[in-house]
Amino acid sequence: MRKVAIDDLEPGMILSRDVDTQNGSRILVKGALLSETAIALLAKRRVLDVWVEDKSAVPDEAPSEEDSVDEEEAREALEAAIARLERRFEGRLVNPWMRALCEGAKERLAVPRFWREAPQA
Amino acid sequence: MSLEKAKELIAGIEDLPTLPEVVIEITRLVEDPDATAADIQKLVATDPALAATMLKLVNSAFYGIRRSVTSLDEAVKILGFVTVGNIALAAFVFDAFVTGEKRFNYREFWLHCIGTAAAAKVVARRLQVKEVAEYFVFGLLHDLGVIVRMQYFPDEHAQIADLVSQGKDLAEAEAEVDGYAHKDLGAALAERWQFPGCLAAVIGRHGTSDIPEDCSCEVAVTTCADAVAEALELGEGHSERAMLVDEATWQAAGISPEQMGSIMDETLDEMENYRAFMNLLD
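Residues numbered from 1 in each chain as written. Chains lettered and ligands numbered in written order. Predicted model: local features only at pLDDT ≥ 70, side-chain atom pairs only at ≥ 80, totals over all residues. Heavy atoms only, no water.

**Overview of the packing of helix H12 (residues 182-192) of chain B against helix H13 (residues 197-205) of chain B**
All names here are of chain B.
Consideration 1: Two elements in contact, H12 and H13, have axes whose closest approach is 7 Å; the angle formed by their N-to-C orientations is 160°. As summarised for this structure, H12 and H13 are arranged roughly antiparallel, according to the angle between their axes. Between H12 and H13, the residues in contact are Lys-183, Gly-186, Ala-187 and Ala-190 and Ala-200, Ile-203, Gly-204 and Arg-205, respectively.
Consideration 2: Considered class by class, the residues forming the contact of H12 with H13 number four nonpolar, two polar and two charged. (Axes fitted to C-alpha atoms, helices over the stretch in contact; angles between N-to-C directions. Helix = DSSP H or I, 4+ residues; strand = E, 2+ residues; numbered from the N terminus. Parallel < 35°, antiparallel > 145°, perpendicular 65-115°, else oblique. Contact = heavy atoms within 4.5 Å. Nonpolar A, V, L, I, M, F, W, Y, C, P; charged D, E, K, R; others polar.)

Structural data, given as structure tokens:
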């Protein structure tokens, strides 16, 4: 994984660590696929840099097996969620608003919902 | 007419909660031109449980103030009489119906209501309406009919839920099982409890493209908010398929497709303000 400055982020990169703001609220989670919207969101929240996956660079520490499993799971969950959304909107994309609603929802799937988090032990 | 059938059903419920005297008094008081904020405060103080729920709702409905609102006369000064009156109704409904039949997932349902309230507030703010917090209450109570059905007609509700999970549209499923829609049930109850004009309209007409002339903005905004909350999966919505909102309704709510993204971002942000309220659900 490597650290990338906000200005150098590109859609398609995948976060390798959670991104929190200064005061601790979580913006995006590990495994999130960065879209244009997600990058704009990070910029809006004044995030300066994030950790992204980079298979080509030599990692500072060898990624643990646990990390890769988590990333894999996160990606699968995201893909399943996208598929679910597309099924939901099948036959409903009949005007520009409905299309914007569907696309907007897809782009925001990786944004954490605090009410879905398991209670802290 | 399904509304007629719904009214009969409501009239037939024996143990339907009556609006407590204090809530009736509050709604009367807020219409009184001579009433003061202190009057409301004194009245609500007679029912501490109601006051507590109202304050939680108030603090959710109006974000952006530095410190939280701790007294109701303060709430009246900030939010206005009409909104505080609506909040009293919402608090009563919430307390009366928050948990019930074990079969149904109340938490997911209320999360959807809160999500709709959040989205409604966001859209109303952009429209610069006079009382934004009022739209919060519209979103929160728009599915009153569902609440009533879960509580008093649980078998029918379970049947409808089954059909919906099999892919039927909610409207179809309701027509098949009951012959009336949850909106009609809600409208009948809103009439029985004499909810103020636009709140009753929102409960009875949201989600349809049949927007009434009076309260057209209120109904359109709530319908769009419902769709946004559902798309963002803020709590479980009504069905497996997205609700279809037509061009005219989006336009009546003052929303353009280009704004959808930022409306969704603001709605997600808005949910952060409701942590305290969500604790009421646990």
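**Looking at the nonpolar core**
Consideration 1: Leu-9, Leu-34, Leu-42 and Leu-101 of chain A together with Met-54, Val-93 and Trp-250 of chain B are the most contacted members of the largest nonpolar core, which totals 133 residues.
Consideration 2: Sort the elements by how many residues they give to this core and helix H7 (residues 106-127) of chain B lands first, with 13 residues.
Consideration 3: What Trp-250 of chain B contacts, discounting residues up to four positions off in sequence, is Asn-95, Trp-97, Met-98 and Leu-101 of chain A together with Cys-224, Ala-227, Val-245, Ile-255 and Met-260 of chain B.
Consideration 4: Ranked by size, the runner-up nonpolar core spans five residues in total, among them Ile-160, Val-164, Leu-170 and Ala-173 of chain B. (Core = buried A, V, L, I, M, F, W, Y, C linked by side-chain atoms within 4.5 Å. Buried < 20%, exposed > 50% of the residue type's maximum accessible area, 1.4 Å probe, protein only.)

**So, the state of the cysteines**
Residue and element names in this part refer to chain B.
Consideration 1: Under the counting rule described, the total for this entry stands at one disulfide over all chains.
Consideration 2: Residue Cys-198 pairs covalently with Cys-215 via a disulfide, S to S 2.1 Å. Judged by the torsion about the S-S bond (-85°), the Cys-198/Cys-215 disulfide is left-handed. Taken together, the residues Cys-198 in helix H13 and Cys-215 in the loop between H13 and helix H14 (216-231) connect sequence positions 17 residues apart.
Consideration 3: For Cys-215, a relative accessible area of 14% gives the class buried.
Consideration 4: Note on Cys-217: no disulfide assigned, nearest cysteine sulfur contributed by Cys-198 at a separation of 9.1 Å.
Consideration 5: No disulfide involves Cys-224; its nearest neighbouring cysteine sulfur is the one of Cys-217, lying 9.6 Å away. (Disulfide = S-S within 2.5 Å.)

**Points about the pattern of salt bridges**
Residues and elements named next belong to chain B.
Consideration 1: All told, the structure shown has 17 salt bridges over all chains when counted by the stated rule.
Consideration 2: A salt bridge links Arg-125 to Glu-266; the shortest N-O distance between them is 3.6 Å. One end of the pair, Arg-125, is in helix H7; the other, Glu-266, is in helix H16 (residues 260-271), with 141 residues separating them in the sequence.
Consideration 3: When salt bridges that share partners are traced, they join Lys-121, Arg-125, Arg-126, Glu-266 and Glu-270 into one network. (Salt bridge = Lys/Arg side-chain N within 4 Å of Asp/Glu carboxyl O.)

**Section: the layout of surface pockets**
Consideration 1: Volume-wise, the largest pocket comes out at about 1,300 Å³.
Consideration 2: Sorting the residues of the lining of the largest pocket by element identifies helix H2 (65-88) of chain A together with H7, helix H9 (144-152) and helix H10 (154-165) of chain B as the ones contributing at least two each. (1 Å grid on protein atoms, 1.4 Å probe; cavity = no way out; pocket = protein on both sides within 12 Å on 5 of 7 lines; lining within 4 Å. Points joined across faces, edges and corners; volume = space filled by probe spheres on them.)

**Observations concerning the environment of Asp-73 of chain B**
All names here are of chain B.
Consideration 1: Secondary-structure assignment places Asp-73 in helix H5 (residues 72-79).
Consideration 2: Each C-alpha atom of the pair Asp-73 and Ala-38 lies 5.4 Å from the other, and the pair is 35 residues apart in sequence.
Consideration 3: If sequence neighbours within four positions are ignored, Asp-73 has contacts with Ala-37, Ala-38 and Gln-41.

**What about the confidence of the model for chain A?**
Consideration 1: When the pLDDT values of chain A are averaged, the result is 80; 81% of them are 70 or greater.
Consideration 2: At the low end of the mean pLDDT range in chain A sits strand S3 (residues 26-28) of chain A, at 77; at the high end sits helix H3 (residues 96-107) of chain A, at 96. (pLDDT = per-residue confidence, 0-100.)

**Regarding the packing of H7 of chain B against H9 of chain B**
A pair of packed helices is characterised by two quantities: the angle between their axes and the separation of those axes.
All names here are of chain B.
Consideration 1: The geometry of H7 relative to H9 is characterised by a closest axis approach of 11 Å and an angle of 170° between their N-to-C directions. By the angle between their axes, H7 is roughly antiparallel relative to H9. Between H7 and H9 the crossing geometry is left-handed. Contact with H7, carried on its side by Tyr-106, Phe-109 and Trp-110, involves Val-146, Ile-147, Met-150 and Gln-151 of H9 and no other residues of that element. (Left-handed = near helix turned anticlockwise from the far one by under 90°.)

**Topic: the environment of Lys-7 of chain B**
Residues and elements named next belong to chain B.
Consideration 1: Tracing the backbone through its elements, the reader meets Lys-7 in helix H1 (residues 2-12).
Consideration 2: Taking the relative accessible area as the measure of exposure, Lys-7 reaches 26% and is therefore partly exposed.
Consideration 3: Residues Lys-7 and Arg-192 lie 185 residues apart in sequence; the distance between their C-alpha atoms is 8.6 Å.
Consideration 4: Setting aside residues up to four positions removed in sequence, Lys-7 forms contacts with Ala-188 and Glu-191.

**Let's talk about the interface of chain A and chain B**
Consideration 1: Contacts between the two partners involve 25 residues from chain A and, on the opposite side, 37 residues from chain B.
Consideration 2: The junction of chain A with chain B conceals about 2,800 Å² of combined surface from both sides, 57% of it contributed by carbon and sulfur atoms.
Consideration 3: For the chain A face of the interface with chain B, the top three residues by lost area are Arg-88, Trp-97 and Trp-115 of chain A, together amounting to 30%.
Consideration 4: For the interface between chain A and chain B, the tally reads four salt bridges.
Consideration 5: The salt bridge involving Arg-92 of chain A is made with Asp-169 of chain B; its shortest N-O contact spans 3.2 Å. (Buried area = accessible area lost by both parts, 1.4 Å probe.)

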